[in-house]
Amino acid sequence: MYEFATGPLVWIAFILFVGGSIYKLMSMLILAQKEKSVLPTWNAKFGLRSVMHWVVPFASRNQRMHPVMTVVSFVFHLCLLITPLFVMGHAVLWKQSWGIRWFSLPAWAADIMTLVVIGGFFFFFVRRMVAPEVRNVNTWKDYVLLLIVVAPFITGFVAHQQWLPYSTIIIAHIVTGVLWLIAIPFTWLSHMLWFFFSRSYMGSEFGSVRNARDW
Amino acid sequence: MADPVDAAVVDQGIDDRLKGLSTERIRDVINRVLTKESAARLKVYLDTCVHCGLCSEACHTYLSRDRDPDFAPVAKVKDTLWEMVRRKGDVDTEFLKKAARIAFTECGACRRCSMYCPFGIDIAYLIMTVRRICSLLGVVPQYLQDTTNSHAVTMNQMWVQQDDWIDTLMWQEEDAADEIPGLRIPLDKEGADIMYSVIAPEPKILAQLIANMAMIFHAVGADWTMPSGDGWDNSNMAMYSGDFEVMGRVEKAHWEAAMDLRVKRMVMGECGHAYRGAVYDGPKWLGWQGPPITMVHAVEYYYDIISSGKLKIARKIEEPVTVQDPCNIVRGRGLHKKLRYVINALCEDFRDMEPRYEHNYCCAAGGGIINCGPPWKLSRMKSIKVKAEQIADTGAEIVVTPCHNCHSGIEDIIGHYNLGTHVQFISELIIKTMEKPGSEQT
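Residues numbered from 1 in each chain as written. Chains lettered and ligands numbered in written order. Predicted model: local features only at pLDDT ≥ 70, side-chain atom pairs only at ≥ 80, totals over all residues.

(A) Representation of the overall build of chain A within the structure. When helices and strands are tallied, chain A shows 12 helices and 0 strands. Listed N to C, the secondary structure of chain A is α-α-α-α-α-α-α-α-α-α-α-α in terms of helices and strands. Referenced to the eigenvectors of the C-alpha coordinate spread, the extents of chain A come out at roughly 60 × 40 × 35 Å. Across the 215 residues of chain A, 28% fall into the buried class. Of the contacts formed within chain A by residues at least 6 apart in sequence, a portion of 64% connects residues at least 24 apart. (Helix = DSSP H or I, 4+ residues; strand = E, 2+ residues; numbered from the N terminus. Buried ≥ 20, exposed ≤ 12 C-beta atoms within 10 Å, placed from the backbone. Contact = placed C-beta atoms within 7 Å.)

(B) Just the overall build of chain B, in detail. Helix and strand counts for chain B stand at 22 helices and 7 strands. Its C-alpha atoms give chain B principal-axis dimensions of roughly 70 × 45 × 35 Å. Counted over contacts in chain B with a minimum sequence separation of 6, partners at least 24 positions apart contribute 81%.

(C) Seen up close, helix H10 (residues 140–161) of chain A. Residues and elements named next belong to chain A. Over its 22 residues, H10 runs 31 Å from end to end, which matches the ideal 32 Å to within 8%, given 1.5 Å per residue. In the structure, H10 departs most strongly from a straight axis at Val150, where the bend amounts to approximately 35 degrees and where the proline Pro152 lies between one and four residues downstream. Three or more residues of H10 are buried, namely Asp142, Val149, Val150, Pro152, Phe153, Thr155, Gly156 and Ala159. (Expected span 1.5 Å × (residues − 1). Bend = angle between axes of the 7 residues up to and from the residue.)

(D) Examining the pairing of strand E4 (residues 294–297) of chain B more closely. Along E4(B), the buried face is formed by B:Met295 and B:His297; none of B:Thr294 and B:Val296, which line the opposite face, is buried. With helix H15 (residues 273–286) of chain B bridging strand E3 (residues 265–268) of chain B and its parallel neighbour E4(B), the resulting β-α-β unit is right-handed. (Right-handed = clockwise from strand over helix to strand, strands pointing away.)

(E) Inspection of the interface of chain A and chain B at higher detail. In this assembly, 40 residues from chain A lie in contact with 40 residues from chain B. Those elements giving two or more residues to the side of chain A that touches chain B turn out to be helix H2 (8–34), helix H4 (44–55), helix H5 (61–65), helix H9 (132–135) and helix H12 (191–209) of chain A. Split by residue class, the side of chain A that touches chain B holds 19 nonpolar, 11 polar and 10 charged. (Nonpolar A, V, L, I, M, F, W, Y, C, P; charged D, E, K, R; others polar.)

(F) Quick look at the packing of helix H14 (residues 244–260) of chain B against H15(B). Residues and elements named next belong to chain B. In contact at an axis separation of 9 Å, H14 and H15 are set at 115 degrees when each is read in the N-to-C sense. When you trace H14 past H15, the crossing you get is left-handed. Of the residues in H15, those touching H14 at Phe244, Met247, Gly248, Glu251, Lys252 and His254 are Gly277, Ala278, Asp281, Gly282, Pro283, Trp285 and Leu286. Here the contact of H14 with H15 is built from residues that sort into 6 nonpolar, 4 polar and 3 charged. (Axes fitted to C-alpha atoms, helices over the stretch in contact; angles between N-to-C directions. Left-handed = near helix turned anticlockwise from the far one by under 90°.)

(G) Up close: the domain arrangement of chain B. Residues and elements named next belong to chain B. According to the domain assignment, chain B consists of domain 1 (8–140), domain 2 (154–307) and domain 3 (321–433). Relative placement of domain 1 and domain 2: their C-alpha centres are 32 Å apart. Taken together, the contact pairs 5 residues of domain 1 with 4 residues of domain 2. (Domains from an automatic or database assignment.)

(H) Geometry of the sheet that holds strand E2 (residues 224–225) of chain B. Residues and elements named next belong to chain B. Taking strand neighbours across the sheet as the criterion, the 4 strands line up as E2-E1-E3-E4 in an open arrangement whose pairing is parallel. Every other strand in the sheet has two partners, leaving E2 and E4 as the edge strands with one partner each. Inspection of the sheet shows strand E1 (residues 194–197) paired to E2 by 2 bridges, in the parallel sense. Bridge pairing in E2 places Ile194 opposite Trp224. Helix H16 (residues 298–307) contacts E3 and E4 of the sheet and is inclined by roughly 80 degrees relative to E4. (Pairing = 2+ DSSP bridges.)

(I) How the structure looks around the sheet that holds strand E5 (residues 321–323) of chain B. Residue and element names in this part refer to chain B. Spatial strand order, E5-E6-E7: 3 strands in an open sheet with parallel pairing. Taken across any chain shown, the strands that pair with only one partner, and hence form the sheet edges, are E5 and strand E7 (422–424). The mean inter-strand angle of the sheet, taken between neighbouring strand axes irrespective of direction, is 30 degrees.

(J) Region of the structure containing the environment of B:Gly120. Checked against the element boundaries, B:Gly120 lands in the loop between helix H7 (93–105) and helix H8 (123–136). By C-beta crowding, B:Gly120 is classed as buried, having 29 other C-beta atoms within 10 Å. In the structure, B:Gly120 is positioned 85 residues away from B:Ile205 in sequence and 39 Å away in space, judged by C-alpha atoms. Discounting chain neighbours no more than four positions away, the residues touching B:Gly120 are A:Ser50, A:Ser198, A:Arg199, A:Tyr201, A:Met202, A:Gly203, A:Asp214 and B:Ser114.

(K) Geometry of the environment of A:Phe196. Residues and elements named next belong to chain A. Within the fold, Phe196 resides in helix H12. On the basis of neighbour counts, which here come to 14 C-beta atoms within 10 Å, the residue Phe196 falls in the partly exposed class. For the pair Phe196 and Val10, spaced 186 residues apart in sequence, the C-alpha to C-alpha distance is 27 Å.

(L) Representation of unusual backbone geometry within the structure. Here B:Glu354 and B:Pro355 are connected by a cis peptide whose omega angle stands at -10 degrees. As for its position among the elements, B:Pro355 is in the loop between helix H18 (336–346) and helix H19 (377–382). Positive phi values are uncommon outside glycine, yet A:Phe58 reaches one of about 65 degrees. Residue class for A:Phe58 comes out partly exposed when judged on the 13 C-beta atoms lying within 10 Å of it. Phi is positive for B:Arg111, which is not a glycine, with a value near 70 degrees. Checked against the element boundaries, B:Arg111 lands in the loop between H7 and H8. Given 26 C-beta atoms within a 10 Å radius, B:Arg111 is considered buried.

(M) Structural detail: the packing of helix H6 (residues 73–86) of chain B against H7(B). Residue and element names in this part refer to chain B. One can describe the packing of H6 onto H7 by two numbers: an axis separation of 10 Å at closest approach and a directional angle of 130 degrees. Considering their axes alone, H6 and H7 lie oblique with respect to each other. As for how H6 packs across H7, the hand of that crossing is left-handed. On H7, the residues that touch Lys76, Asp79, Thr80 and Glu83 of H6 are Phe95, Lys98, Ala99, Ile102 and Ala103. Taken together, the residues of the contact of H6 with H7 sort by class into 4 nonpolar, 1 polar and 4 charged. (Parallel < 35°, antiparallel > 145°, perpendicular 65-115°, else oblique.)

(N) Seen up close, the environment of B:Gln162. For B:Gln162, the position within the fold is in helix H10 (residues 162–179). Judged by C-beta crowding, with 14 C-beta atoms within 10 Å, B:Gln162 ranks as partly exposed.

(O) The arrangement of the pairing of E1(B) in detail. Residue and element names in this part refer to chain B. Burial along E1 is two-sided: the residues Ile194 and Tyr196 and Met195 and Ser197 are all buried. As paired elements, E1 and E3 share 4 bridges and run parallel to each other. Bridge pairing links Ser197 to Met268 in E3.

Given below as structure tokens:
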């Protein structure tokens, strides 16, 4: 079971994640060529100007209007992306499988960042349930997706603390991680892929066409 | 919850047209628009939305209706386009009635929400896609459809006949010449520097505005002209009803009038959506890279002639004034600074709105909403309480509105909420404050 989970399953996950993302990006590029305005409007300067105002905390008015949401979102997303890339356990796997030496986080830092992700998950989960304007547009799928996002962090944390039999929990960790990767290109987790494109397109339209700001 | 009073509004353009629709036709039209008329943007926008609700506070309808979640921009997309996509076009007439109400009367496509969505999703574009579907099915509020029909038949929005048009210009020329001797409204002058275009409600109900502009052009010695035939109207309600074929015809006629007269640039009156139609949506639909010659909005023109000293200001307005930022020339053209320059040049006591510039609230009239007519007026007033509060907070006595839709919409707001202020176009302020050459005033 462990061999399957760390072998073929991981391969399937990466193939679906990478292949799915490339497929999505390519098909969107083909579709974008069909639009009269999209590609001619794109402008690096104004696109980046808009992206910068949305990836720097509190640089846009809406972020200033929701300070708690802004702080939680930024911290959550940073920890979400950095932890799996640099946690020591993963660095060891990179070394074993590919011989790649990788920067790794100290264990205590990875623990804190994992707890931040789990805390962020609770924040978003409760917000989706409680805030009327969010609950109104959410379905069970949105909650399941949030669970998929947090599951590898919970299982990873439990595995690291060795609170449950390691051989069982590590398989749960791998399976949930695989789900997480596969979900990215095929669900709204693809906002990870699209953020840069949708934001920079809107920034281009506002900046180069309409002479206005979009933050 | 949708407001039961709004949901019960009877609109023949929607209710009667829905009766004859088969589910097959509805499905065909929806799927055609979703697959043939839209591509990457629609797909990316639908894929990217994480249902976070952060667009809610961008919308005046949401804020005005006590934060009713059904009025959040994302909820409007959920109740229209998401369902159409999810059910692959298999929706019934009851659903379409609701979708038409939301898309035509509860969203003005002002695009404020795309500045609040962290991903820059163009929510107004998604709502316009719903309007397009409704239009192809013939389900459009009757008053709005009437303006589109008028465009299709007469090339102007208000059934103005050519003899009426010329007659109105001659009448305004006479009136203006009473104040400034020797003033002319030159018709069909080939090779003039400027072609001036207006929206059809000017000759129909606000003809004085044409005389105002004639006096301004005369005062600065402009070389200008207006066409006597089709193409003089720069308004384009077909753009908002979703009849893009007619929208394209109207814009083509408008620009062809300018090219026939071989003018160097087009100056347009104080209207927002007309700018959008002439500069963005029209050329885009026609497959042009942009307008063939420069379009100068009235606010830009006033800025040029005042800042260059060509137009002399003799006195200033003393009453406190504030200004509405029209979506299509502020979010659509970034004219907010020039707008304030002009107002400060004309007025002693300018009090800005909060929020302002690109972040100012929509007037709830533009985007075709006010054109949906009397059946929807009460709904519109409920949707714009936030603007009434915003105006009252400034303490201004005059609200300057360099856009026809903002002008009419804010006039309604002032009446409905008893604000005791009044609305003015900039040209009205200029006429009161400028030095008039050759007249007794100077």
